[in-house]
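Remarks on the overall topology
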Amino acid sequence: MAKKKPTKQKFTKTAVVTEKPKGQVASRPVVPSKWLILAAVAITFLVYIPSLNNGFIPNWDDGGYVLKYDPVKEINAENLTEIFSVFYKGNYHPLTTLFYALEYQLVGPSPFLYHFNNLILHLLNVWLVFLLIWRLVRRNDIAFITALLFGVHTMHVESVAWISERKDVLYTFFYLAGLLYYISYFSKETAKRKNYLIALLLMLLSMLSKSAAVAFPLSLLVIDYFFKRKITLLTAAEKVPFFAISMVFGITAILSQGSAGAIQDLDPMFTYFERGLLASYGLMLYFMKLVAPTDLSAMHPYPIRMSEMLPAMYYVAPFVVLAVSAIIFFLRKKSRILLFGALFFLVNIVLVLQILPVGAAIIAERYTYVPYIGLFFIIGYVISLFSNKEKPGLYKIRIPVYILAGVWMAWVSWLTVDRIGVWKRGDILFIDVTKKYPTMPFAFNNLGYYYYEDAKNNRKALEYFNKCISLDTTFHQAFSNRGILYFNAPVDELRTILKDTSANLQIKRFYWAIDDFTRAIRHKPTNKDAWIGRANAYSEIGKFEEAINDYDQYLTMKPEDISAWKWRGTAKFRIGRFKEAEQDFIHAGTMDPEDAEVFYWKGLIIYQDTNYTEAIKYFDESLKRDRKKGEVYSWRGLAKYNLRDFVGAIADYNQAIAANPNDVAAIVNRSVSKKETGDLIGAFEDIEKARLMGYPVNGAYYNELLSIGIKAGYIQLNQQ
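Residues numbered from 1 in each chain as written. Predicted model: local features only at pLDDT ≥ 70, side-chain atom pairs only at ≥ 80, totals over all residues. Heavy atoms only, no water.

**Let's talk about the packing of helix 4 (residues 94-107) against helix 5 (residues 112-137)**
As a reminder, the rule being used: To get an axis, fit a line to the C-alpha atoms, keeping to the stretch in contact for a helix; angles then go from 0 to 180 degrees between the N-to-C directions. Working definition: helices are DSSP H or I runs of at least four residues, strands are E runs of at least two. Numbering for both runs from the N terminus. In this scheme, roughly parallel covers angles under 35 degrees and roughly antiparallel covers those over 145, while 65 to 115 is roughly perpendicular and the rest are oblique. Note on convention: the crossing is left-handed when the near helix lies turned anticlockwise from the far helix by less than a right angle, right-handed when the turn is clockwise. Any two residues whose heavy atoms approach within 4.5 Å at even a single point are treated as in contact. Here the term charged refers only to Asp, Glu, Lys and Arg, the term nonpolar to Ala, Val, Leu, Ile, Met, Phe, Trp, Tyr, Cys and Pro, and the term polar to all other amino acids, Gly among them.
Their axes nearest at 10 Å, the elements helix 4 and helix 5 cross at an angle of 135°. The orientation of helix 4 with respect to helix 5, classified from their angle, is oblique. Crossing hand, helix 4 versus helix 5: right-handed. On the side of helix 4, the interface is formed by F99, Y100, E103, Y104, L106 and V107, while helix 5 contributes L113, Y114, N117 and L121. Residue composition of the contact of helix 4 with helix 5, by class: eight nonpolar, one polar and one charged.

**A look at helix 13 (residues 272-291)**
So the rule is basically this: Multiplying 1.5 Å by the residue count of a helix minus one yields the expected span of that helix. Classification of residues uses two cut-offs on accessible area relative to the type maximum, computed with a 1.4 Å probe and protein chains only: under 20% is buried, over 50% is exposed, and between them is partly exposed.
Taking 1.5 Å as the rise per residue, helix 13 with 20 residues should run 28 Å; its terminal C-alpha atoms sit 30 Å apart, in good agreement. Burial within helix 13 is extensive, with 14 of its 20 residues counted as buried.

**Side note on helix 8 (residues 166-187)**
Compared with the 32 Å implied by 1.5 Å per residue over 22 residues, the 32 Å span of helix 8 between its first and last C-alpha is a close match. Burial within helix 8 is extensive, with 20 of its 22 residues counted as buried.

**Remarks on the packing of aromatic side chains**
Quick reminder of the rule: Aromatic rings from Phe, Tyr and Trp, with only the six-membered ring used for Trp, were paired whenever their centres fell within 6.5 Å, and each pair was classed as stacked if the ring planes differed by under 30 degrees, edge-to-face if by over 60, and tilted otherwise. Think of it as a cone above the ring: NZ of Lys or CZ of Arg counts as a charge over the ring if it is within 6 Å of the ring centre and within 35 degrees of the ring normal.
One pass over the full model with this rule turns up 44 aromatic pairs. Each ring, one from Y600 and one from F619, has its centre 6.3 Å from the other, and the planes form 40°; the classification is tilted. With a gap of 19 residues between them, Y600 in helix 29 (residues 596-608) and F619 in helix 30 (residues 612-625) connect regions that are remote in the sequence. Taking the relative accessible area as the measure of exposure, F619 reaches 0% and is therefore buried. In this structure, K467 is placed above the aromatic ring of F444, and the distance from its NZ or CZ to the ring centre is 5.7 Å.

**Observations regarding the pattern of salt bridges**
To be explicit about the condition: Between Lys or Arg on one side and Asp or Glu on the other, a salt bridge is scored when a side-chain nitrogen of the former is within 4 Å of a carboxyl oxygen of the latter.
Evaluated as defined, the whole model comprises 40 salt bridges. Here E453 makes a salt bridge to K68, at a shortest N to O gap of 2.6 Å. In this pair, E453 sits in helix 20 (residues 441-453) while K68 sits in the loop between helix 2 (62-67) and helix 3 (77-85), placing the two residues 385 residues apart along the sequence. We note a salt bridge from E158 to R366, for which the minimum N-O separation is 2.5 Å. Of this pair, E158 sits in helix 7 (residues 157-161) while R366 sits in the loop between strand 2 (361-363) and helix 16 (372-385); the two residues are 208 residues apart in sequence, bridging distant segments of the chain. Comparing E158 with R366 shows no difference in burial state: the two are buried.

This is the structure:
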């Protein structure tokens, strides 16, 4: 009997699913539909067009990550080293920061390009989601629905319309590409090693973009489950490099969050049982907002206790989660898609369920960007079941189901467009938060910061800082922010805002600032703004010893702040501690050898030793770097006067007065120098001008020049 030849398997090199998961519809096209991919991308683009008109959110991360972060403003070796070696704002995502730096070189602080790039990355991710789902089930309809939902779902607005969430769209791009290469690695006969290494590299790039990518190896295990890959020594060994890199970045993420105090200590607030309730409630909210993405907010705070109990829904949440889990578990034999989608969601969301509490939010919409792919996959699969003619009961009602699904997707898209507008500006965003959570101090503090720093509206800023403090008398940031406002706001404006007509308001505001900074320090001893703010306020009222103590404390926390070294040196100079002051300015000079102010103060210190020639050299160096500082001309003029270079002194006083016409000291000193050169009329003109400006001139000196002026007919000339 002749042996039967083995049947040649079709699509050997392109087949992905070696065994069709139960419940999967039979139709499986060989290639993904380019038209459906294009449709998903185009619809997403149309929905997100409004995001291109959005600005920065300077009062929440956009300021810190882009607008005020010096390393992104210039690409050089020093800044690149800092980007890749320093934890910043509790995060380590150097690739994302490098992206900002490249954009900043092109457009500076103009927001359009940043939003455009966010959108482009989001569209690329829509494409990758389509390809990933198609590789899993070879179904264009399921891939299209999943990709479209990923593109337009309202819970993803935060990740796309907020410049600071570049890390979301960027890490996801590498993450999804890495999963695709991993599938290619074990499903293709050729280039296996190459695809494996590319997948490993893409995971690394993803982790350098955002620490959430540490879930990548878990996603590989879920993919193995879907494709029924057996657990062997080889499949276990191939995961080792992925888990090793993930562990390194996971530890890095914990250290970076801890460095900024972002990891919350929930023990005083919640028991371990209650923390389990928080995680369950978070999961339930993610399920609910998948279906009805309403009442969204930039921040969803921890619950407020009611009679020592959490709100009732927190106790209901575990049962809801268990019920959903049970349904998926019992239906798993009908289709592996259900369990795969649930597991993909879970492994990518579990790290942000506040088990390790990061931030102060029960959920965050941006956390769903990758995890929701699993749930969208389930939705796409369920909708596809109604097109299966082998299931006549479902097939008969396909039209109303499709209409219902279409109406729901249109509604979600409309909510997305509306939500994009909320992320247009920092005030709009946090006014929205206060509507959702009217007792959240954080929101009012951020509104105050926006109006103070960006809108330059001190009245509204003070109103919101006060509101924040009334809600939480321990909110240290609001105290330090209000102290900064008191310190910097124009006195006349403060007088109007506070309706304070007292003559000593100029001094009182520094005492108010000191009080606010002190309260901020009491509640948060590491509040750097409060330490430097109080030090500067003490200096303004002449309490230099107290100021120096605060500068000392601040510089232990932020020794790289060159301004603080100069301010402390100035305070020491004011109380005659010249040698100590000189050391501070020498240190500042090592930080910036071209700092004009450092040369100026070094000159002043040397001037005190009556070494006028050497002092002039430092004043010269200062003016080479900044020719607009009138006080440097004044002091150089004094040094020249002491060296009896009266003509040179007059020239410097002229420059000082040109820079500041109200510099009455320079006018008086010019008068003295003119007298020395024999220009008695000019000397009288200057001293008379100083007297009219309110300067307490020396009586004998004035009378001497006055008599000369009368004899010369100067007064008679003026009267005419």
